[in-house]
Amino acid sequence: MASSVFLLDLKGKPLIARDYRGDIPLTAIDRFMPLLQEREDEEGTGLPVMTENGVTYLHLREKDVYMVALTRKNTNAMTLLQFLHHLSKVFTEYFKTIEEESIRDNFVIIYELLDEMMDYGVPQITEPKILQEYITQESHMLEITPRPPMAVTNAVSWRSEGISYRKNEVFLDVVESINMLVNPKGNVLSSDIQGAIKMKVYLSGMPELRLGLNDKVMFESTGRSAKGKAVEMEDIRFHQCVRLSKFESDRTISFIPPDGEFELMTYRLNTQLKPLIWCESVVESHRGRVEYMIKAKAQFKHRSTANNVEIIVPVPNDSDSPKFKSTIGSVKYAPERSAFVWKIKQFQGGKEALLRAHFGLPSIRDDDPERRPPISVKFDIPYFTTSGIQVRYLKIVEKSGYQALPWVRYITKNGDYQLRMPDPITSGGSRLPPI
Amino acid sequence: MQGLEERQNYMLTFLAPIWKVHDLRAELTSEKKDPRGQRKKVAMKKVVANMTMGNDMSQLYQEVIACMSIPDLEVKKMVYLFLINYARARAEIANMAVNGFEDDVNDPNPLIRAMAIRTMGYIYVDRVIESLIDPLRHCLRDRDPYVRKTAAMAVLKLSMFDRSLVEEEKFLDMLKDLLADGNPSVVANAVAALTEISERSPHIKLKLNMKIANKLITALNECNEWGQIYILESLMYVVPQDTSDAETVIERIMPRLQHGNSGVVLVSVKVIAYMMNYVAQTETLEPILRKLSPPLVTLLASGPEVQYITLRNIQLLLQRWPTILQNQLRAFFCKYDDPIYVKLAKLEVILSLTTEENARVVLTELVEYAAEIDVDFVRKAVRSIGRIAIKIELAADRCVRALLDLIQTKVNYVVQEAIVVIRDIFRKYPNRYESIIGTLCENLDTLDEPEARAAMIWIIGQYADRIDNSDRVLATFLDTFLDDPAEVQLAMLTAVVKLFIMRPTAGQDMVPKVLKWATEHVDSPDIRDRGFIYWRLLSTDPEMARAVVLADKPEISAEGERLDMPLLEELLLQVGTLSSIYRKPPCTFIPFAKKRVLGASEALTRLTIAPPPVSRLPRSTSVMNRPSSAKQQQQQQQQLQRTTSSTGDRDGLGDPSGSSSVQLSASALDVTNGGSGGMSNPYINDTAAGFMQGNDAVLIDLMSMDDDEYGGDSSAAINSGGMAGFNASFGLTGMNMASLDPAARGAVGAAPDSQVLNSAFDAAGLDALASVASPMARLSGRSGSPMPDLMRQFTSSFDLSSGAITGSTSSSMGAIPSPMGNLSFSQHQQPQPVSGSTSSLAGMAGGAAPYGVAANASSMPALLGTTAAAGFPSVLSPTSTVFNIPTSTGSPFANSAAISGVQGNQQPLSAPAAGNTALLFSPPSNNNNTTTAATTGISGGTATAFQKEVDDLATQMYNSGFLNTAGTGSGSGTDTGAYVAPQHVLLDAQQTQGLEILGTFARRSGGKIQMEMSFANKSTMPIGDFAIQFNKNTYGLTPSGSLGVGTVAAMRSVEVTLPLTLGGPAQVMQPLTNLQIAIKCTAGVFYFQTQYSLHILFDETGNSDQGEFLRMWKAMGDAPTGSRTVQRLRFSSMEEMRNKLNMNNVFTVAQRAVAGATHFYTSSKLVDGSQFYSEIKVANNFQAAIIATKSTAAHLVPLYQKAIEDICTAF
């Protein structure tokens, strides 16, 4: 496990150092930045795992802070990196953002947290809600000193007893992100739906919840026929509060939720999808100028509408004097991203939109191969899930017998949504009419 | 509000200059009114802030320790932090704090008790440790679980400080008791502590029985995510005693794959993969593997760091369980913004998942990647295209086209990379893509990287006779010869010699120049040696030079990056750890790391599931249980372990030139010196064979590096190279002892030798040897029964020179035949299909791949030969090497063997038969050949940068070695040269719901006509009740026995030989050799048609004398004479060609040499009495032959000539 954990600023200077094992001199951290730079590529992404002189550096980067764990053992790298992830989650929960400044401001509490979250380099408890119960920013007198919450060592380590709300409510958000990779010919190379059920729980006491979905496997195993469509989820992962063995045996999702916001489960469907928003593009590159024609099409039901659509089209980073013309929406050149962004506030299903763009280019350019980043698209479509997943019921049982209201929302959004650009047409005269 | 104020206050002060120590001291000791310690708290914060910034605050220890009494938790925590920081180094600080600690461990608040215990554990100072022991004992039994779980970790800390103390004080027992604690987080911490203590301690070995395991698994449900990880990790210490144990664990852990924490998921995968080694039935494994795939794909949706670790581990899992992640290829396509390390790791996985079916999609994707701008990524994408061409024959054309397109882009590094992989493609598919050489040559000027230059030079040299201006092209490289790196110089040297041999006039100016430079101006001993060898070769026997230099190359394979099985097995026990990421055993980068092995148990099966056949080669028995007993396994494992450790150091150094190479370069020098002194024939003879023994192991070693070059992961491959040698030693001994023909063994006296060897090994070694012997025994045992062609040739090659081979075997003793050695281990291993090979031998040897070695990847295909027709030479030749390979690493005996080589006619004690062997092995008439080959080999062996060329030379050597043996042995080995067409697909699995049949026709000794088939069941259901029927055909071919296929279980295959006779109902078919066949089985009835090569109908009595030939030739004077031109004969001597034809019942009546060519006159007779008389004009360079035939059955002439072409070109 970890010998020590460091938080570094972008220059590699330690902000926080917590040595757990004493088997690696603290000066070893000075080698981290040089090592990272050595193995870094242009985009500034160094390997997350590096070893030098028997010391292994595992790291994550969170805004302008590096979180680094050092070890001398053949440690489980996955576990340690996950711990660093959790560390950043806890810090975010405590300080809103992880920045050099918030770290400096809170070093005492960070030391306390590090002491509690990891003992001798072995991760212990990383549940922010529980930690906040006994490690707080408020100062305590010893007489009213907090005791370790029961939850720390309980089977239910994520919820404390005695929570009370006047109005008991649960909000469920079913969010589906569409990951899509499309080649220039319009063929979908890979696509999947990454679904998540997020909850906001405002419930008193220790409620038992049971969630029913239109899960195909469950319908099949219980011999019931589904009313309407059932969804076959390829892989499901649950928050630790869900009883996994129960799910394994009869596919029921039962759990005692943590208080407040959390992600109950994620699921994945590996289906061949038609791109919900499909962009066809023609690029013409000539001496001194480059022209684009983009046709966007909303390929979903007419009843639905995509909101806040952004189509981000990359252009050469030395392009200038943009000219745009579009049938709907607004277009802006974003030179800092080497792209122009086409925003469509509302894009109704079945509709098409056209955009023409013209850029000037310096007449002398180097011949190095151009980067050809893909077009990326952002959107969200409310009241709609691509997979057709539905929450059939959410049963809430608490021994006090209160009534609680579950609220459910559905939304489909873009995930990693990339449409590769075709090669620019360079010869044969212009085919695109001038704007 | 107070907190906020304070924070603001603090921020201001923080930005102020660093506080002086004395100011802080004043603040800490201030007498001002401070009832709640708030002032001191601010002061303490400043102290900690200073400490964080690396300023030494230790002088304040007295004041700080005084603050321990302040009743404020935050202050206390800061004091503890101060102590952890400084007390370790300064005992006086620690000693002073002891009293404070003693108070705190008795505090009523569990939080403070736990904190005190936790902090004391961090301070390795005698006094503190002493005062920790008693409270710790109490805390381990504290009523509060929070204290107990903290105390468990304190025991771990204590054990790192003083291991014996923990044992003396019975803390370990207390920890064990905690395993039964009612609180899951206490159990988890106790498990974590115990696991780590046992990992570090040399004499504590953690072993959990199923009872404890079940309890722990039950606790899983209640632990937090970290606790689950510790418990899951501990399950790796459970050794299932029977298969149901393993299945129970797997079943109970399966739900964890759904956990939200990637750490939990991956550890679960590790435990399940471990337990799968103890499952007895493949039927159980399949659903498990299916369930493992989705969670692994889901892990790819996480951050890049998690993706990276996942991908590295997927690559390992894929090697062990090739069916995992089937149809998930697209999940591994690279996203534009993936970090480069993720992209590179994805590429590897993509390559592993590429099959015939999806090759097209993959290729399109790779071409896309090749257009990106990251140089590393682009290079690897280009390289991957080449690897796919080599791995999947059907995709080769498309890959080559893609590479050509890439070359047209003129992007410098793309072109260079493409040329390097095209060389490999040329190696794999000779004579198929020469048409693109022109395009390649357009880019000569841009090549500035040594590897690309060497590759280009190799291509030009190899095809010197096809490129019109090859001499001029090579000459352009000449100018820089002396400045080029060794790699390029070596390539140049060989290319120029090739040019000279193929086009003497074109090369005659260059050769002396280059040879002179190589031998006089170059410092590298490798180049010098090779220069000398070529020189002597060219000056003494140009014909032999041709045989050596232009001999066939061993086939290369795309599997070079595969890890060998023991390493893979070890790494799979380390899933998720650094070791799995680096693909190195922990002991190579962590001092004193304990080695993990699969625990021995009755239940250990190491089952695997056949991969979806990548190429048309399902001739492997898909599932093989390890037949040897558990005890033997363990012992074998010990042996293997020793191997790994012996090669481990090298690994760490990352130096590809192992000690062996160095050693050999010395002996190489000896040779050349001796040689220049004028070698007498017998002397050469002895040395030659001796040297051959002395170097092949290293050749193998280098070949592994060679492959490694494709694979990229150098350390693993080097490691395996060493391993090859070591494993092999068992193989050899095994053969000595049991497998060879007893008479032969007795004759040469192998028995005493093996005894010597035996005595040197401990009992464990012996057991391993015994078990190793069995596969060989099986090999030879099968020679009597119908068997596939290669196999038969293999055994018959034994026959014809069994004395010689046995002799050399016994003499080389510690000498280590690598592929055979692996063969022996492969016995309990699942054979992998090896592309291009077709025999059951292939199946067996291919099986070595998982256990075996990157080295095999290159040597093995050579063993197998490209096609069945390649049969004799390429089979026998590597075999002969096999019997001669000593290694200079790994075994003490190897050295002696090597020495025996160096000293030639002396007979070292350990190898009494060395001299004899040499004599037997290489008949005197061909001494030069062997000598040169061997010495060539040596120089190859010394090289570190040789790589490809070494392969070439190795084959050259093999082939020339073969020629000798074949020449003398042709009389006795009737079957050895019989041509058998490569098996081809008769029934495609896609048309038949999973049944794939491959087959070919052969004529075996005594005129037995056979159909040799392989039935592969690629469905998930067993298929049985096979029956076969032939439709009426031209010659009435019909099965004369039953089809001996029983039931073929799912994902398995069976090989059968179906004897045929000619008495069946006849009906003229079009084409004449067409056969319509029906196969009935439980999967249905399938019809297909195929054609056989006419040669299976050539009668053994077709020989006629010259008079008869002339008479018939004249008699048929007016008969139409068919004429056919055959390109690129695969012979290197006329004698060889004659023998080959004779063996296939095309009898040479006469032969005469004319300028630049030789004319053969042959006769053959078909079983129906049709007679064929041919004149075959062969160019002396074997580039082309013209066959003119007259026949009593003129309509058969085209088929007849086709058959001859096949025979002549197919090896």
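Criteria and thresholds
Residues numbered from 1 in each chain as written. Chains lettered and ligands numbered in written order. Predicted model: local features only at pLDDT ≥ 70, side-chain atom pairs only at ≥ 80, totals over all residues. Heavy atoms only, no water. Helix = DSSP H or I, 4+ residues; strand = E, 2+ residues; numbered from the N terminus. Buried < 20%, exposed > 50% of the residue type's maximum accessible area, 1.4 Å probe, protein only. Contact = heavy atoms within 4.5 Å. Areas by Shrake-Rupley, 256 points an atom, 1.4 Å probe, with all protein chains shown as cover. Phe/Tyr/Trp six-rings, centres within 6.5 Å; stacked < 30°, edge-to-face > 60°. Lys NZ or Arg CZ within 6 Å of the ring centre and 35° of its normal. Buried area = accessible area lost by both parts, 1.4 Å probe. Salt bridge = Lys/Arg side-chain N within 4 Å of Asp/Glu carboxyl O. pLDDT = per-residue confidence, 0-100. Expected span 1.5 Å × (residues − 1). Polar contact = N/O pair within 3.5 Å; in protein donor to acceptor, adjacent residues only side chain to side chain. Pairing = 2+ DSSP bridges. Axes fitted to C-alpha atoms, helices over the stretch in contact; angles between N-to-C directions. Lys, Arg positive; Asp, Glu negative; His and termini not counted.

1. Digging into the overall build of chain A
Item 1. Each helix and strand in chain A was counted, giving eight helices and 23 strands.
Item 2. By the burial criterion, 58% of the 435 residues in chain A qualify as buried.
Item 3. Contacts spanning at least 24 positions in sequence make up 70% of the contacts within chain A whose residues lie at least 6 apart.
Item 4. Total accessible area on chain A is roughly 18700 Å²; 49% of this is exposed by carbon and sulfur atoms.

2. Looking at the packing of aromatic side chains
Item 1. As enumerated under the stated definition, the model contains 34 aromatic pairs over all chains in all.
Item 2. Aromatic pair F91 of chain A and F95 of chain A: ring centres 5.8 Å apart, planes at 40°, arrangement tilted. Placement of both F91 of chain A and F95 of chain A in helix α2 (residues 77-95) is noted, with a separation of four residues, approximately one turn of the helix. The pair F91 of chain A / F95 of chain A is uniform in exposure class, with both members buried.
Item 3. Here F1098 of chain B and Y1200 of chain B contribute two aromatic rings whose centre-to-centre distance is 5.3 Å and whose plane-to-plane angle is 45°, an arrangement assigned as tilted. Residue F1098 of chain B is found in the loop between β8 (1084-1091) and α51 (1106-1115), and its partner Y1200 of chain B is found in helix α53 (residues 1197-1209); the two are separated by 102 residues along the sequence. For the pair F1098 of chain B and Y1200 of chain B, a shared accessibility class is recorded, and that class is buried.
Item 4. If you follow K157 of chain B out to its NZ or CZ, it ends over the ring of Y122 of chain B, 3.9 Å from the centre.
Item 5. Here the guanidinium or amino end of R320 of chain B rests over the ring plane of W321 of chain B, the centre of that ring lying 4.2 Å away.

3. Remarks on the interface of chain A and chain B
Item 1. The partner chain B presents 111 residues to the 97 residues of chain A that form the contact.
Item 2. Summed over both sides, the interface of chain A with chain B buries roughly 9100 Å², with 54% coming from carbon and sulfur.
Item 3. Our count for the contact surface shared by chain A and chain B stands at 11 salt bridges.
Item 4. One salt bridge connects D416 of chain A with K335 of chain B, and the closest N-O pair in it is separated by 3.6 Å.

4. A word on unusual backbone geometry
Residues and elements named next belong to chain B.
Item 1. If you check the backbone angles, K170 has positive phi at about 60° while not being a glycine.
Item 2. Relative to the helices and strands, K170 resides in the loop between α10 (163-168) and α11 (171-178).
Item 3. Not every positive phi belongs to a glycine, and N327 is a case in point at roughly 65°.
Item 4. Locating N327 in the fold gives a position in the loop between α18 (304-320) and α19 (340-353).

5. Details of the confidence of the model for chain B
Residue and element names in this part refer to chain B.
Item 1. Overall, the predicted model of chain B reaches an average pLDDT of 69, with 67% of residues at or above 70.
Item 2. Every residue in residues 1-17 scores below 50 in pLDDT, and together they form 17 contacts with partners more than four places removed in sequence or on other chains.
Item 3. Scored below 50 in pLDDT, residues 613-975 shows 697 contacts in the model against residues more than four places distant or in partner chains.

6. Some words on the side chain of Q1010 of chain B
Item 1. Take Q1010 of chain B: it is sitting in strand β3 (residues 1008-1017).
Item 2. Every residue in contact with Q1010 of chain B, bar those within four places of it in the chain, is listed here: T1000, F1001, A1002, R1004, T1057, L1058, P1059 and L1060 of chain B.

7. Some points on helix α7 (residues 110-122) of chain B
Helical geometry: 3.6 residues make up each α-helical turn, so side chains three or four residues apart lie on a common side.
All names here are of chain B.
Item 1. For α7, with 13 residues, the first-to-last C-alpha span of 19 Å sits near the 18 Å given by 1.5 Å per residue.
Item 2. Most of α7 sits out of view: 13 of its 13 residues are buried.
Item 3. Measuring from the side-chain oxygen of the N-cap residue of α7 to the backbone nitrogen of L111 gives 2.8 Å; that N-cap residue is N109.

8. Section: the sheet that holds strand β11 (residues 1157-1165) of chain B
All names here are of chain B.
Item 1. Taken in spatial order, the five strands of this open sheet run β9-β13-β12-β11-β10, and their pairing is antiparallel. Looking at which strands have only one partner, the edges of the open sheet turn out to be β9 (1122-1127) and β10 (1147-1154). Averaged over neighbouring strand pairs, the angle between their axes works out to 20° when direction is ignored.
Item 2. In terms of strand pairing, β10 meets β11 through seven bridges, oriented antiparallel. Residue pairing for β11: Q1151 is matched across the bridge by F1160.

9. Notes on the side chain of E127 of chain A
Item 1. You can see E127 of chain A is positioned in the loop between β7 (122-123) and α5 (128-134).
Item 2. As a buried residue without a salt bridge, E127 of chain A has its nearest oppositely charged side chain in K89 of chain A, at a separation of 7.1 Å.
Item 3. Those residues in contact with E127 of chain A, other than ones at most four positions away along the chain, are S157, W158, H239 and Q240 of chain A together with E225 of chain B.

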